[in-house]
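Each chain, written out:
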Amino acid sequence: IERIIESHDQVQVAYRENSSRREGDLSSCELAFLATKDPESMAFARDLAKQGIRVVDMSGAFRLTKNLFEAWYGLEHTAPELLKEAVYGMPALFTEEIATASLVGSPGCYPTSVILALKPLEGLVQGEATVVATSGISGARREVGDEPNEVTYSFGRRHKHVPEMELYSGFRVNFTPVVLHTVFVGINSNIRIELSDKLRGVPEDEAVSELQSAIRGTYGPDDLVAVVADRSAKLWGTADAVGTHALLIKVRVDEGFAYINALEDNLGKGAASQGVENMNLMLGYDRLYGIDAVYRTSHGADGEDRHAEYC
């Protein structure tokens, strides 16, 4: 986040605090980012609210209802009075609400890829979505390892991001996350879900077109959600999303099921750049202002439109 703010000529960092130091004057701040764990976020958000400072929280503390949070995170929610004013920080879905919010719970990286891919498909798919997603090791705040050690964890319906995915996508989800220890950054989410009865009766290419059209029709240019398609000369992967503020979505249909591949930078759209986008909305700036210096907002990871059909 601070890397982006350094390139944002309308804001500056007036206060920093971590476990070992404090710098600056908190009372001069209009908005604060909390890059803290859930218990600390609940405590800090309450203190900041008392001072009239608006908050973008990067933890899971303000993304769910009290009951869901306590059931899935295994923690008591110590600031439940703030939940009624908290807004889920996904600008593609809640632009107006974020702009007037005093507290925004910025989404997780896995949920961002799954929710944005599934949300437009209501009425076109049905049943439970099966999600298998890989993440670079940066999602675990670690360095790249020398030896392969791909780890599947909290799979089934045990991962704490499952209720977040379900609440905002509208679909029941089972989820298998896989951390790639030899890859630093990138989310590659693969979703399998049954087609609706309506789409099961049409040719597969028509079903694909319907799903793609629904995604395009849901998102606008500032959402930076792109429908992409593999071609003989180009297969889309995480390298095309890393370093950008885009979410890239591929769609195919096979034997009555939709297969959706969503690609993003877990440190960008899955974290920092989406957090700054929330800040921009809250402070009245253009949504994408200042982000491009660190996470590109142009077509394609290298600035070229390589058959990306941006919404």
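Residues numbered from 1 in each chain as written. Predicted model: local features only at pLDDT ≥ 70, side-chain atom pairs only at ≥ 80, totals over all residues. Heavy atoms only, no water.

### Concerning the pairing of strand 10 (residues 187-195)
Defined as follows: When DSSP finds at least two bridges between two strands, those strands are taken to pair. Starting at the N terminus, helices and strands are each numbered in turn, a helix being any DSSP run of H or I of at least four residues and a strand any DSSP run of E of at least two.
Here strand 7 (residues 125-136) pairs with strand 10 via 8 bridges, running antiparallel. The partner of Ser-135 across the bridge, within strand 10, is Ile-187. In this sheet, strand 13 (residues 257-264) lies alongside strand 10 in antiparallel orientation, the contact comprising 8 bridges. Bridge pairing in strand 13 links Asn-190 to Asn-261.

### Some points on the pairing of strand 13
This is how the line gets drawn: Each residue gets one of three labels from its accessible area relative to the maximum for its type: buried under 20%, exposed over 50%, partly exposed in between, using a 1.4 Å probe on protein chains only.
Across the 8 residues of strand 13, 6 count as buried, placing the element largely inside the fold. Of the strand pairs in this sheet, strand 12 (residues 247-254) and strand 13 are connected by 7 bridges, and their pairing is antiparallel. From the neighbouring strand, Val-253 faces strand 13, where its bridge partner is Ala-258.

### Some words on the nonpolar core
The condition is simple: Nonpolar core, defined: a set of buried Ala, Val, Leu, Ile, Met, Phe, Trp, Tyr and Cys residues in which side-chain atoms within 4.5 Å join the residues together. Two residues qualify as a contact provided that any one of their heavy atoms is within 4.5 Å of a heavy atom in the partner residue.
Membership of the largest hydrophobic core comes to 42 residues, with the highest contact counts inside it found for Leu-211 and Ile-249. Take this core: its biggest share by element is 7 residues, from helix 5 (residues 109-118). Each residue touching Ile-249, except ones within four places of it in the same chain, is listed here: Leu-116, Ala-117, Ile-215, Val-225, Ala-226, Val-227, Val-228, Ile-260, Asn-261 and Ala-262. Judged by nonpolar contacts, the second largest core, of 20 residues, contains Leu-31, Leu-281, Val-294 and Tyr-295.

### Let's talk about the confidence of the model for the chain
Rules: For every residue, the pLDDT score states the predictor's confidence, bounded by 0 at the bottom and 100 at the top.
Looking at the chain, the pLDDT average stands at 93 and 93% of residues meet or exceed 70. A low-confidence stretch, residues 300-308 (pLDDT under 50), is modelled with 24 contacts involving residues beyond four sequence positions or located in other chains.

### A look at the packing of aromatic side chains
Note the following rule: Stacked, tilted and edge-to-face are the three classes assigned to paired rings of Phe, Tyr and Trp, where Trp is represented by its six-membered ring and a pair needs centres within 6.5 Å; plane angles under 30 degrees give stacked, over 60 edge-to-face, the rest tilted. Here, over-ring charges are defined by two tests on the NZ atom of lysine or the CZ atom of arginine: distance to the ring centre within 6 Å, and angle to the ring normal within 35 degrees.
All told, the structure shown has 6 aromatic pairs when counted by the stated rule. Considering the side-chain rings of Tyr-88 and Tyr-168, the 3.7 Å spacing of their centres and the 5° angle between planes classify their relative orientation as stacked. Note that Tyr-88 is positioned in strand 5 (residues 86-88) and Tyr-168 in helix 6 (residues 162-169), a separation of 80 residues in sequence. Assessed through its relative accessible area of 4%, Tyr-88 is described here as buried. Judged by centre distance (5.0 Å) and plane angle (70°), the ring pair of Tyr-110 and Phe-175 falls under edge-to-face. Here the residue Tyr-110 occupies a position in helix 5, and Phe-175 occupies one in strand 9 (residues 173-180), the gap between them amounting to 65 residues. Residues Tyr-110 and Phe-175 agree in their burial class; the two are buried. Among the aromatic residues, ring-to-ring pairing joins Tyr-88, Phe-94 and Tyr-168 into one connected group. Seen from the ring of Phe-257, Arg-192 lies directly overhead, with NZ or CZ sitting 3.6 Å from the centre. We note Lys-234 situated over the ring of Trp-236; from NZ or CZ to the ring centre the distance is 5.0 Å.

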